[in-house]
Amino acid sequence: MTQIINPATLNVIAEPRETPIEAIEAIVARAQRAQRTWVRLPQSHRIDALRRVAVAVRSNLEDLALLETANVGKPIGDSRGEVGMVADTFDYYAGAVDKYYGNTIPVDGGLDFTVREPIGVVAVIAPWNFPLAIASWNIAPALACGNAVIVKPAEMTPLSILKFEEIIREVDLPDGLFQVVTGRGSVVGQALTEHPGVGKISFTGSTETGQTVMRTAAGTMKRLTLELGGKSASVVFADADLALAAQASTGAVFGNSGQDCCARSRVLVERSAYDDFVALFSEATGRLVVGDPMNEGTSMGPLVSAAHLAKVGSFLDGSLNILSPAANQEAPGHWMAPHIVLDPPRDHRVVREEIFGPIVAILPFDTEEDAIALANDTIFGLSGSVWTRDIGRSLRVARGMETGSISVNSSTSVRIQAPFGGFKQSGMGRELGMAAMDGYTETKNIFISTAI
Ligand code: TXE
């Protein structure tokens with residue numbers, strides 16, 4: 001049994017059983033049988049089933065959102081938005097089933113073409129920051145491509161995924177096509193990563209654990225999608241709409257209390273606009289409400305756990321020049337108000353490591369080249385933003401930044417229709433969009449001779 005704690009109240013809200021390690025064998029075998037049935041069904045059946053998952057999620061939206069907020073501590077409005085996105089993701093991939101196909105290839109002596117085959121059984125190892133949303137980015141395309149799915153939620157946040165499993169029982173999926181296992185990553189997650197019957201792991205989490213998963217998966221040559229850490233930058237030029245950039249950059253780092261792989265935890269500002277930007281950013285931060293995530297007006301809930309709060313707090317040392325313009329919430333939850341670190345040394349931890357909490361470093365730069373070099377001076381490369389009214393510069397900087405996605409005059413990172421994933425140590429493979437379908441299929445080449 002693991003105790004699941006509401007991080008805003010510290011009440012124990014559930015005590016789910018851990019899947020016994022001996023059960024994994026039968027779970028994988030069941031998934032393999034279900035997959036063989038699923039892939040032989042008419043594609044209209046698969047399309048219809050995925051659409052019915054979307055309908056089931058929409059009709060249980062409020063329950064799922066309440067669970068996500070109670071378990072993770074995120075504001076209820078954010079949870080509703082995320083559950084809505086889960087339904088939209090299933091609709092998108094229902095539509096993709098009959099729009100994804102191979103190529104014909106000019107060769108001599110016959111017809112050569114490719115078809116996309118499912119991988120088989122896919123294990124989705126999910127994180128705790130967007131538990132159901134990120135799991136759905138992988139469950140939906142994996143099923144659309146004809147795979148079976150086993151999901152392992154993060155230890156602290158299994159509730160929305162367990163509820164999802166319950167509500168989609170009303171959808172007529174082959175028995176065992178979608179299963180959830182619970183428990184510790186190092187035990188249950190590791191067992192899935194080792195199992196020869198699992199063909200692919202889709203993992204979202206830390207770069208360190210991603211490396212362990214990659215090493216273990218090498219033993220059976222599993223396919224991998226890894227969505228790992230980030231240290232993304234917003235680059236703000238003096239000609240930008242500074243008020244808009246400041247407002248959006250506040251949300252881009254303090255949203256989900258900073259527990260976001262795309263968090264822009266570095267803001268790089270052209271030196272001539274630095275003081276004005278800091279004043280606007282600080283003003284926008286001061287308007288954030290840290291408090292009960294069940295209240296509609298709350299902008300930031302607690303951090304997910306006491307251990308995580310301690311880890312995030314360790315970034316703030318006495319050498320830093322720190323502003324903290326928003327009021328914190330009283331105990332008992334794991335609360336942390338937003339912190340703005342002004343012009344820290346470029347080699348400080350706050351500039352180099354993923355923080356995953358409400359701390360931002362604002363640094364000045366002098367030239368476009370300096371901005372690009374500073375943005376790229378990290379082992380990560382997940383997302384980023386450029387703020388400028390100069391279209392040529394926006395393109396030069398967007399192309400120059402070593403990152404999987406970048407927004408110009410916007411702080412968004414994720415759109416269901418567009419590929420999402422990292423450069424460098426932020427991961428490999430792409431989620432979302434039609435690109436995700438590549439990650440859930442193998443390419444088979446077929447040649448038919450015309451010689452006889
Ligand atoms: O992550 P882990 P943790 C970052 C963030 C955070 C740090 C640590 O910086 O502070 O990671 O968080 C499962 N084999 N991100 O400890 O360990 C685990 O059960 C297979 C960034 O929670 O990476 C969980 O389901 N699976 C991030 C998942 O891996 C294993 C989201 C992630 O856990 C395993 C979360 C193993 N050996 C944290 N060990 C993002 N990219 O958004 C653990 N797991």
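Note: the structure precedes this text.
None of the values given here were measured: they were computed from a predicted structure.

Q: If you had to explain the site of the ligand to someone new, which residues and values would you point to?
A: By nearness alone, 27 residues border the ligand, and W128, E155, S206, K311 and E354 come closest of all. Contact distances for the ligand include 3.2 Å between an oxygen atom and a side-chain N or O atom of N129. Within the backbone of G205, an N or O atom sits 3.3 Å from a nitrogen atom of the ligand. Contact with the protein chains hides 87% of the accessible area of the ligand, taken as 830 Å² for the molecule alone. Sorting the residues of the shell around the ligand by element identifies helix 7 (185–194), strand 8 (200–204), helix 8 (207–218) and helix 11 (306–313) as the ones contributing at least two each. Grouping the constituent residues of the shell around the ligand by class yields 11 nonpolar, 11 polar and five charged.

Q: Talk me through the packing of helix 4 (residues 76–96) against helix 5 (residues 131–144); I want residue IDs and the actual numbers.
A: Relative orientation of the contacting elements helix 4 and helix 5 amounts to 10°, with a least axis distance of 9 Å. In terms of orientation, helix 4 lies roughly parallel with respect to helix 5. Contacts from E82, M85, V86, T89, F90 and Y93 of helix 4 reach helix 5 at L132, A133, S136, W137, I139, A140, P141, L143 and A144. Counted by class, the contact of helix 4 with helix 5 contains 12 nonpolar, two polar and one charged residues.

Q: Talk me through the environment of Q425; I want residue IDs and the actual numbers.
A: Structurally, Q425 can be placed in the loop between strand 16 (407–408) and strand 17 (427–428). The exposure class assigned to Q425 is partly exposed, which follows from its relative accessible area of 34%. For the pair formed by Q425 and V55, sequence separation is 370 residues and the distance between their alpha carbons is 37 Å. In contact with Q425, other than residues within four places in its own chain, are T207, Q211, L228, I379 and F380.

Q: How would you explain the pattern of salt bridges if you had to name every residue and give the values?
A: This model, assessed by the stated rule, comprises 22 salt bridges. Note that D366 and R271 form a salt bridge whose closest N and O atoms lie 2.8 Å from each other. Taken as a pair, D366 in the loop between strand 14 (359–365) and helix 13 (368–376) and R271 in the loop between strand 11 (266–270) and helix 10 (274–286) lie far apart in primary sequence, 95 residues in all. D377 serves as the salt-bridge partner of R352, at 3.3 Å between the closest nitrogen and oxygen. Taken together, the residues R352 in helix 12 (residues 349–352) and D377 in the loop between helix 13 and strand 15 (384–387) connect sequence positions 25 residues apart. Looking at R352, the relative accessible area reads 33%, which means it is partly exposed. The class for D377 is partly exposed, based on a relative accessible area of 37%. Salt bridges here are not isolated pairs; linked through shared partners, they connect R51, R58, D88 and D91.

Q: Give a description of the nonpolar core that names residues and reports values.
A: Burial of nonpolar side chains together is a common tendency in soluble globular proteins. Residues V57, F90, I139, F164 and F178 are the most contacted members of the largest nonpolar core, which totals 77 residues. Considering each element in turn, this core owes the most residues, 10 residues, to helix 5. Residues within four places of F164 in sequence aside, it is in contact with V53, V57, L64, F90, L132, I139 and F178. Formed by 25 residues, the second largest nonpolar core is a distinct cluster that contains A245, A273, F277 and M300.

Q: Tell me about unusual backbone geometry, residues and numbers included.
A: Following A331, the chain continues into P332 via a peptide bond in cis, with omega recorded as 20°. Here P332 lies in the loop between strand 12 (321–323) and strand 13 (339–342). The backbone of L10 sits at a positive phi, close to 70°, despite the residue not being glycine. Relative to the assigned elements, L10 resides in the loop between strand 1 (4–5) and strand 2 (12–14). Given the relative accessible area of 35%, L10 is considered partly exposed. You will see that L432, though not glycine, has its phi angle at about 65°, which is positive. Within the secondary structure, L432 sits in the loop between strand 17 and helix 15 (435–439). For L432, a relative accessible area of 0% corresponds to the buried category.

Q: Could you give me a rundown of the sheet that holds strand 7 (residues 178–180), with the residues and numbers involved?
A: Taken together, the six strands give an open sheet; going across it, the order is 7-6-5-8-9-17, and neighbouring strands pair in mixed fashion. In the strand order of this sheet, the two ends are held by strand 7 and strand 17, each with one partner. One ladder, built from five bridges, connects strand 5 (residues 121–125) with strand 6 (residues 148–152); its direction is parallel. The residue of strand 6 that forms the bridge with V121 is A148. On the sheet, helix 7 packs against strand 5, strand 6 and strand 8 and is oriented at approximately 160° with respect to strand 6.

Q: Break down the packing of aromatic side chains for me, with residues and values.
A: All told, the structure shown has eight aromatic pairs when counted by the stated rule. Note on F277 and F281: the rings are 5.8 Å apart at their centroids and 35° apart in plane angle, and the pair reads as tilted. Pair noted here: F277 and F281 are both in helix 10, with a separation of four residues, about one helical turn. Among the aromatic residues, those joined into a ring-pair cluster are F90, F164 and F178.

Q: Explain the packing of helix 3 (residues 61–72) against helix 4 to me, and be specific about the residues and the numbers.
A: Packing of helix 3 against helix 4 leaves a shortest axis separation of 8 Å and a crossing angle of 125°. The angle between helix 3 and helix 4 falls in the class oblique. Judged by the sense of rotation from one axis to the other, the crossing of helix 3 with helix 4 is right-handed. Across the interface between the two elements, L61, E62, L64, A65, L66, E68 and T69 of helix 3 pack against I76, S79, R80, E82, V83 and G84 of helix 4.

The rules we used
Residues numbered from 1 in each chain as written. Predicted model: local features only at pLDDT ≥ 70, side-chain atom pairs only at ≥ 80, totals over all residues. Heavy atoms only, no water. Near = heavy atom within 4 Å. Polar contact = N/O pair within 3.5 Å; in protein donor to acceptor, adjacent residues only side chain to side chain. Areas by Shrake-Rupley, 256 points an atom, 1.4 Å probe, with all protein chains shown as cover. Helix = DSSP H or I, 4+ residues; strand = E, 2+ residues; numbered from the N terminus. Nonpolar A, V, L, I, M, F, W, Y, C, P; charged D, E, K, R; others polar. Axes fitted to C-alpha atoms, helices over the stretch in contact; angles between N-to-C directions. Parallel < 35°, antiparallel > 145°, perpendicular 65-115°, else oblique. Contact = heavy atoms within 4.5 Å. Buried < 20%, exposed > 50% of the residue type's maximum accessible area, 1.4 Å probe, protein only. Salt bridge = Lys/Arg side-chain N within 4 Å of Asp/Glu carboxyl O. Core = buried A, V, L, I, M, F, W, Y, C linked by side-chain atoms within 4.5 Å. Pairing = 2+ DSSP bridges. Phe/Tyr/Trp six-rings, centres within 6.5 Å; stacked < 30°, edge-to-face > 60°. Left-handed = near helix turned anticlockwise from the far one by under 90°.

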